[in-house]
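# Observations on chain architecture
If you want the building blocks of each chain, they are given just below.
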Amino acid sequence: MTDQLTGGQALVAALEAHGTDTVFGIPGTHNLPVYAALADSPIRHILPRHEQGAGFAADGWARVTGRPGVCVTTTGPAVLNAATAAAQSYSDSVPVLLISPGLPLGHPGRGNGYLHEVKDQRAALDAIVAYSHRVTSVAEIPLAVAHAFAAMTGGRPRPVHLEIPLDLLDATAPVQVAVTTPVAPVTAGRAQIAAATTALAAARRPVIIAGGGSSGAAHSLRHVAERLGAPVVTTANGKGTFPDGHPLAIGAGLHHTAVRELVAGSDVVLAVGTELAPADLWFGPLDIPGTLIRIDIDAQALTTNALPDIGLVADAAEALKALGTRLEAARTTGPADPGRAAAARRDFTAAARAEGADYLGLTAALGQALGRDGILAGDSTMACYYGALSNLPAHHPRSFLYPTGLGTLGYGLPAAIGAKVARPDAPVVALHGDGGLMFTVQELATAAQLRLPLPVVVWDNGGYGEIRNEMADRGDPVHAVDLAAPDFPALARSMGCHGVRVEDAAQLATALQTGLGSDRPTLIHLPGGTP
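This write-up is about the structure you can find in this document. In this text the structure is predicted, and so the values were computed from the model without any measurement. (Residues numbered from 1 in each chain as written. Predicted model: local features only at pLDDT ≥ 70, side-chain atom pairs only at ≥ 80, totals over all residues. Heavy atoms only, no water.)

### Re helix α1 (residues 7–17)
Among the residues making up α1, those that are buried are G7, G8, A10, L11, V12, A14 and L15. Just beyond α1, the residue with positive phi is G19, at close to 85 degrees. (Buried < 20%, exposed > 50% of the residue type's maximum accessible area, 1.4 Å probe, protein only. Helix = DSSP H or I, 4+ residues; strand = E, 2+ residues; numbered from the N terminus.)

See the structure below:
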């Protein structure tokens, strides 16, 4: 059906047609026609206080739902503010559609000082996301949205930027709204499935490494692991895909020596939806003397960082389902050493507790507050990557939101807002360091306006603690890392939140429970690493 629509109406109609029910964004002079259309739309609009916060919130929403998040900005500085969030989404394979106006169709190529003018806005974003596309007509807008959703929902999910020349947003033209046809999951070839089945069925010491790409394959992953009796280790983005507490669960965090020893002693390693990336491994590549089987939707990722003996380019759920079915016919018993997982888990847990010793009171309180259905949105902070990553239990996929690859500061709070908007009935907690919180602290006002019962835990070590330690380890002068802390509870109260200071782990546990049942966000300040 063809309708006469403005560019702004065409955009919003296309978003509605693709099931978008939430948009994060900030209005500006050049995107007002989009907001005029949103005012008449059932799409819910969330108004953050900064475009980077909007991008992180859309990322958190997408991670929790498994669907593309949407972020709308205006031109120039606004979309560049969101660029860091888009780069984080690209790094962690999160589908986010970033939409911005662009300069008019007839704008001089070398510029003339137009408001919000950027030398080449599209090219700047194209260097960060999967692709950036500039439309050239009103009629093209729905098609461009359809192409973006096709790219984000078929194959490896990554962010896309759509630029609409601002003069097209008010222009009117006949428009037909295109809708992306759902893409069937990619399945591996029969020969590859057969080869992987043969190797796994013969394995006596198998191990599984599950990354973020396995988050939609939890059931099939568990079936294969139980069929093999294989210990399962997850990456940060895969945390929760295999439930902690399961007898075969080792934990999350590939950097531990216990994981390296487990992999080195395995005759078959099944890596699912993971790049085996340096950001996960920390201290160099894994030694994999056994047969390496890799499953990944991205053919390029399949050969990144470690060459597989058997490679399956496929959707993780589809490939694992096929393997599970074949393994049932090929094998009825587990590996020769059923106590191997328990021994590896003991070593892993000991290492994780030693590494995160300063944060065990924190993680215990978080675990109690979040329960089995909760979601933690963590920042790139020591309390998260030394503490929560390997010591906080996770029981379901998409329950641990963490900026792994790019390692941005300021992610936790806005991502938690996105998560809580997406899953209002789930307990959600944000975890920050004192330095990282200040990157996006203004989003406390967003959470307050939304009346979200969201505890925001601030682990205050007086500055950039990781960098302080790295300077000392290098023997360099330790400087430019100490921060004078504001009165965090008072700052939170000034933005409409509750704000409390706690002195021990018991007080923290109480504050978390109170915050989850509150009528607004609660900032919980832990000065000097209290627990």
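### Digging into empty space enclosed by the protein
Overall, the coordinates contain two cavities of 30 Å³ or more when judged by the stated rule. Forming the boundary of the largest cavity are 16 residues, of which L370, G374, P393, A394 and S399 lie nearest the centre. The biggest single contributor to the lining of the largest cavity is helix α15 (residues 360–370), with three residues. When grouped by side-chain class, the residues that make up the lining of the largest cavity number seven nonpolar, six polar and three charged. Here the second largest cavity is characterised by a volume of approximately 30 Å³. (1 Å grid on protein atoms, 1.4 Å probe; cavity = no way out; pocket = protein on both sides within 12 Å on 5 of 7 lines; lining within 4 Å. Points joined across faces, edges and corners; volume = space filled by probe spheres on them. Nonpolar A, V, L, I, M, F, W, Y, C, P; charged D, E, K, R; others polar.)

### A short note on the nonpolar core
Counting 51 residues, the largest nonpolar core has I208, L270, I293, L312 and L320 as the members making the most contacts within it. Beyond its immediate chain neighbours, meaning those up to four positions away, L320 contacts A217, S220, L221, V224, L270, V272 and I295. Counting residues in each nonpolar core, the second largest holds 45 residues, with A85, V456, A492 and L523 among its members. (Core = buried A, V, L, I, M, F, W, Y, C linked by side-chain atoms within 4.5 Å. Contact = heavy atoms within 4.5 Å.)

### Notes on the packing of aromatic side chains
Each aromatic ring pair is described using two quantities: the centre-to-centre distance and the angle formed by the ring planes. If you walk through the whole model with that rule in mind, you get seven aromatic pairs. For the pair W282 and Y385, a centre-to-centre distance of 6.3 Å together with 85 degrees between the ring planes defines the contact as edge-to-face. Of this pair, W282 sits in the loop between α12 (278–281) and β13 (291–296) while Y385 sits in helix α16 (residues 382–391), placing them 103 residues apart in sequence. By relative accessible area, W282 is classed as partly exposed at 29%. Given the relative accessible area of 11%, Y385 is considered buried. Across from the ring centre of Y90, 3.7 Å away, lies the NZ or CZ of R158, which sits over that ring. The cationic tip of K239 hangs over the ring face of F400; the distance from NZ or CZ to the ring centre is 5.5 Å. (Phe/Tyr/Trp six-rings, centres within 6.5 Å; stacked < 30°, edge-to-face > 60°. Lys NZ or Arg CZ within 6 Å of the ring centre and 35° of its normal.)

### What about the environment of H395?
If you trace the backbone, H395 turns up in the loop between α16 and β16 (400–401). When the C-alpha atoms of H395 and R474 are compared, they prove to be 38 Å apart, with 79 residues separating the residues in sequence. A polar contact of 3.4 Å, which involves the side chain of H395, links it to the side chain of R372. (Polar contact = N/O pair within 3.5 Å; in protein donor to acceptor, adjacent residues only side chain to side chain.)

### Quick notes on the packing of α1 against helix α2 (residues 32–39)
In contact at an axis separation of 8 Å, α1 and α2 are set at 50 degrees when each is read in the N-to-C sense. Compared by their axis directions, α1 and α2 come out oblique. In this structure, α1 meets α2 at a crossing whose hand is right-handed. Facing G8, Q9, L11 and V12 of α1, the residues of α2 in contact are P33, V34, A37 and L38. Classifying every residue of the contact of α1 with α2 gives six nonpolar, two polar and no charged. (Axes fitted to C-alpha atoms, helices over the stretch in contact; angles between N-to-C directions. Parallel < 35°, antiparallel > 145°, perpendicular 65-115°, else oblique. Left-handed = near helix turned anticlockwise from the far one by under 90°.)

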